[in-house]
Structure formats: structure tokens, C-alpha cells
Amino acid sequence: LHPSANTSTMQANISKKRKFVADGVFYAELNELLTRELAEEGYAGVEVRVTPMRTEIIIRATRTQNVLGEKGRRIRELTSVVQKRFAFTDGAVELYAERVANKGLCAQAQAESLKYKLIGGLAVRRACYGILRFIMESGAKGAEVIVSGKLRGQRAKAMKIQGGYMIK
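Anyway, here's the lowdown on the structure attached to this text.

## Brief notes about the packing of helix α2 (residues 16-37) against helix α4 (residues 73-85)
Here comes step 1: Remark: α2 packs on α4, axes separated minimally by 12 Å, with the N-to-C direction vectors making an angle of 145°. Relative to α4, the crossing made by α2 is right-handed. Contact residues: α2 offers Glu29, Leu30, Leu33, Leu34 and Glu37, while α4 offers Arg74, Leu78, Val81, Val82 and Arg85.

## Re the packing of aromatic side chains
Here comes step 1: Summed over the entire model, instances satisfying the criterion amount to two aromatic pairs.
Here comes step 2: With centroids separated by 4.9 Å and ring planes inclined at 80°, the aromatic side chains of Phe26 and Phe86 adopt a geometry described as edge-to-face. Of the two residues, Phe26 is situated in helix α2 and Phe86 in the loop between α4 and β3 (93-99); the sequence distance between them amounts to 60 residues.
Here comes step 3: Through pairs of rings, three or more aromatic residues link up here, namely Phe26, Phe86 and Phe88.

## Details of the packing of helix α5 (residues 107-119) against helix α6 (residues 124-137)
Packed helix pairs are specified by the crossing angle of their axes together with the interaxial distance, meaning the distance between the axes.
Here comes step 1: It is the contact of α5 with α6, at a shortest axis distance of 10 Å, that shows an interaxial angle of 150°. Classified by the angle their axes make, α5 and α6 are roughly antiparallel. Pair α5 / α6 crosses with right-handed handedness. Each of Gln110, Ser113, Leu114, Lys117 and Leu118 in α5 lies in contact with α6, whose residues at this interface are Val124, Ala127, Cys128, Gly130, Ile131, Phe134 and Ile135.
Here comes step 2: Grouping the amino acids of the contact of α5 with α6 by side-chain chemistry returns eight nonpolar, three polar and one charged.

## Considerations on the nonpolar core
Here comes step 1: In this structure, Leu30, Leu34, Ile57 and Ile59 are the most contacted members of the largest nonpolar core, which totals 19 residues.
Here comes step 2: Going through the elements one at a time, α2, β1 (43-50), β2 (55-61), α4 and β3 are the ones with two or more residues in this core.
Here comes step 3: Discounting chain neighbours no more than four positions away, the residues touching Leu30 are Val46, Val48, Ile57, Val82 and Phe86.

What counts and how
Residues numbered from 1 in each chain as written. Predicted model: local features only at pLDDT ≥ 70, side-chain atom pairs only at ≥ 80, totals over all residues. Heavy atoms only, no water. Axes fitted to C-alpha atoms, helices over the stretch in contact; angles between N-to-C directions. Helix = DSSP H or I, 4+ residues; strand = E, 2+ residues; numbered from the N terminus. Left-handed = near helix turned anticlockwise from the far one by under 90°. Contact = heavy atoms within 4.5 Å. Phe/Tyr/Trp six-rings, centres within 6.5 Å; stacked < 30°, edge-to-face > 60°. Parallel < 35°, antiparallel > 145°, perpendicular 65-115°, else oblique. Nonpolar A, V, L, I, M, F, W, Y, C, P; charged D, E, K, R; others polar. Core = buried A, V, L, I, M, F, W, Y, C linked by side-chain atoms within 4.5 Å. Buried < 20%, exposed > 50% of the residue type's maximum accessible area, 1.4 Å probe, protein only.

The structure is reproduced here in C-alpha cells:
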């Protein structure tokens, strides 16, 4: 997965355990980078596919047009950032943007939505119930929204809001 482990000679030297660890670290760092870069675009995860020719990175987001940018400029910028950060050779990495099939059933997209509602100054309960209603209208059997931290005063609290059926 990682460019250093991509060549056949390196794969013979690297142990299975180290390869899995290297792949996990690569995925975690890539996910962190894209989460920071694409928070406003409704970033909902990444999928990495390794082929012998190139590494394909599929970015799942709710607003794919914003991920692509005008005339594909943003995705090219992201490709070059990933290429430089993870030491890929030119043309060895390819980024694609994929729309989330059902935004209401994607936990990461809903968490981002809740984050922006709270930053916008909406009351915590109102924001949580709005998210929960949207999730349930999207066809979920049940959902739970947990918000914790300093909700109003100095003292930190946790708020759990549930709807529908939940398996505990």
C-alpha cells in the first residue's frame, strides 16, 4: 500500500506484520489529511485500492463538486499534496471523488453536519434532534446521537439522544 512497500523487491524484505502496520499508518495519515482538508465538503471517508500500476484513492464526500473544484483544480492539488507527502512517483497515485449514496446513513457526514450546526451557534438539543430526524427520514431503523463536552457551563456533560430501535 505504501509507496516504499510497493515494489516487488521491497515486498520480499518487509515482513507481513510490518507491511500491515505500514498500511495502517498510511491509511490513518491519509484519512487525517483529507479530514482536515475536506471538512466543509462533507468528507465521509477514503478507500485505498492498490494495483500494480498505480494506487487509487477514492474520496467519499457529500459535495463532490467542491472536492473536484473548478475544472478539477482542487483534486489535482490534493493529488500533488498526497504525492509529495507520501513520496509517490509521478503518476503512481490517482485520486477520485465519489458521492455518498445516502448522506443520512453516513455517520461521518452527519457528524460533520452536526459540527457545523454547533459552530454556527444552534442550540445543542435542537441540532441533535435535527440530525436525528434527518437520519430517521433517510431510512434508518434507529440511531443515537451523543454529544459530550462543555455544552453550556463550565462543567462537561454528555447528552444522548436516541430514536427508533437500538440493539444494545
